[in-house]
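Fold and geometry: a report
Given next are the chains, with one letter for each unit.
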Amino acid sequence: MDIKKVMVIGAGQMGSGIAQVCAQAGYIVYLNDLKEEFVQKGLGVISKNLSRQVTKGRMTEEEKDKVLSNFIPSTNLQDSENVGIVIEAAVENMEVKSKIFKELDQYAPNHAILASNTSSLPITEIAAATKRPEKVIGMHFMNPVPVMKLVEIIRGLATSDEVYQAVEDMTKSLSKIPVEVNDFPGFVSNRVLMPMINEAIYTLYEGVATKEAIDEVMKLGMNHPMGPLTLADFIGLDTCLYIMETLHEGFGDDKYRPCPLLRKYVKAGWLGKKSGRGFYIYN
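About the criteria used
- Residues numbered from 1 in each chain as written.
- Predicted model: local features only at pLDDT ≥ 70, side-chain atom pairs only at ≥ 80, totals over all residues.
- Heavy atoms only, no water.
- Helix = DSSP H or I, 4+ residues; strand = E, 2+ residues; numbered from the N terminus.
- Expected span 1.5 Å × (residues − 1).
- Buried < 20%, exposed > 50% of the residue type's maximum accessible area, 1.4 Å probe, protein only.
- Phe/Tyr/Trp six-rings, centres within 6.5 Å; stacked < 30°, edge-to-face > 60°.
- Lys NZ or Arg CZ within 6 Å of the ring centre and 35° of its normal.
- UniProt positions renumbered as here; feature names shortened; annotations may be inferred.
- Contact = heavy atoms within 4.5 Å.
- Polar contact = N/O pair within 3.5 Å; in protein donor to acceptor, adjacent residues only side chain to side chain.

The terminal C-alpha atoms of helix α1 (residues 13–24) lie 17 Å apart, and with 12 residues this matches the ideal 16 Å at 1.5 Å per residue to within 8%. Turning to α1, its buried residues are Met-14, Gly-15, Ser-16, Gly-17, Ile-18, Ala-19, Gln-20, Val-21, Cys-22 and Ala-23. Just downstream of α1 lies Gly-26, where phi reads positive at about 100°.

Attention now goes to the packing of aromatic side chains. Enumeration over the complete set of coordinates arrives at 5 aromatic pairs. Pairing Tyr-202 with Tyr-205 gives two aromatic rings, centres 6.2 Å apart and planes at 70°, and the pair type is edge-to-face. A residue pair is termed a helical-turn pair when its members lie 3 or 4 positions apart in one helix, as Tyr-202 and Tyr-205 do in helix α7 (residues 189–205) at 3 residues. Of the residues examined, Tyr-202 reaches a relative accessible area of 11% and is grouped as buried. Both rings, one in Tyr-265 and one in Trp-270, keep their centres 5.1 Å apart while their planes meet at 75°; by these two values the pair is edge-to-face. Residue Tyr-265 is classed as buried on the basis of its relative accessible area, which comes to 15%. Given a relative accessible area of 28%, Trp-270 falls into the partly exposed group. An aromatic cluster is present here, built from Tyr-265, Trp-270 and Phe-279 joined pairwise through their rings. Against the face of Tyr-164 rests Arg-155, its NZ or CZ located 4.5 Å from the ring centre. If you follow Arg-277 out to its NZ or CZ, it ends over the ring of Trp-270, 3.8 Å from the centre.

This paragraph deals with the UniProt feature "binding site: NAD(+)" (unreviewed entry) in the chain. The UniProt entry lists Gly-10, Ala-11, Gly-12, Gln-13, Met-14, Gly-15, Asp-33, Glu-92, Lys-97, Ser-119, Asn-143 and Lys-274 under the feature "binding site: NAD(+)" (unreviewed entry), expressed in the numbering used here. Within the element layout of this structure, Met-14 appears in helix α1. What Met-14 contacts, discounting residues up to four positions off in sequence, is Asn-117, Phe-141, Met-142, Asn-143 and Val-145. Within the element layout of this structure, Glu-92 appears in the loop between β4 (85–88) and α4 (94–107). Residue contacts for Glu-92: discarding those within four places in its chain leaves Lys-97, Thr-118, Ser-119, Ser-120, Leu-121 and Tyr-242. At 3.1 Å, the side chain of Glu-92 forms a polar contact with the backbone nitrogen of Ser-119.

Next up, the structure:
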């Protein structure tokens, strides 16, 4: 499978990051979102990131312009008829993703791979919305995408070896490191990370220590670059809650039960850095 053109669905933080690394690797990228203003905002973030690279001397102005010329703005999923792979990075919601994949199945050419950047939802279920489950796969990038090397590649029940190999090769062409993972709730990254964050929230909830103390213990004692409560704020507390609920429902095990304090913060609209307040306050 020779992939030259890519469609990235969702021009938010993850989608724009995925689009950026694809364009930097020389792919023609359709950056798609519901509205033109969302697409332009995503392109603005990418341009700002590339300008920073120019300032640091890691890229020339000409190279930056070349990367930006690889983008084609899109607000229509029908544009997927021109690409070899679609990488969906929409909101983490099964209903939304299934609707997108059902629509893509009508427009994308028969040979096109349909990939999801889901952080916890089952690829097999997403694939069931299409008539090509063998061509559906998970590509879970880490945040921030331009910096982080890992991509979890998740096979659905029907994903073919040929499709897996094509996605692994493409991942390497993005200067990323692919790791094969089977289709279980949370995969590896979030199955390990989220219960740790949830336990840190329980530790705060039960009054074992202050938020600062909990973060300091994990940074200094476990050599983590940032504490779990700070990390939760950066991920988004609504996202953390959604993933914990996915794990809880998927495994039916109460060890994945979301902490009541996490639920309370989300209901209060304290979603972390993006809302200005989570466990910490952001200006």
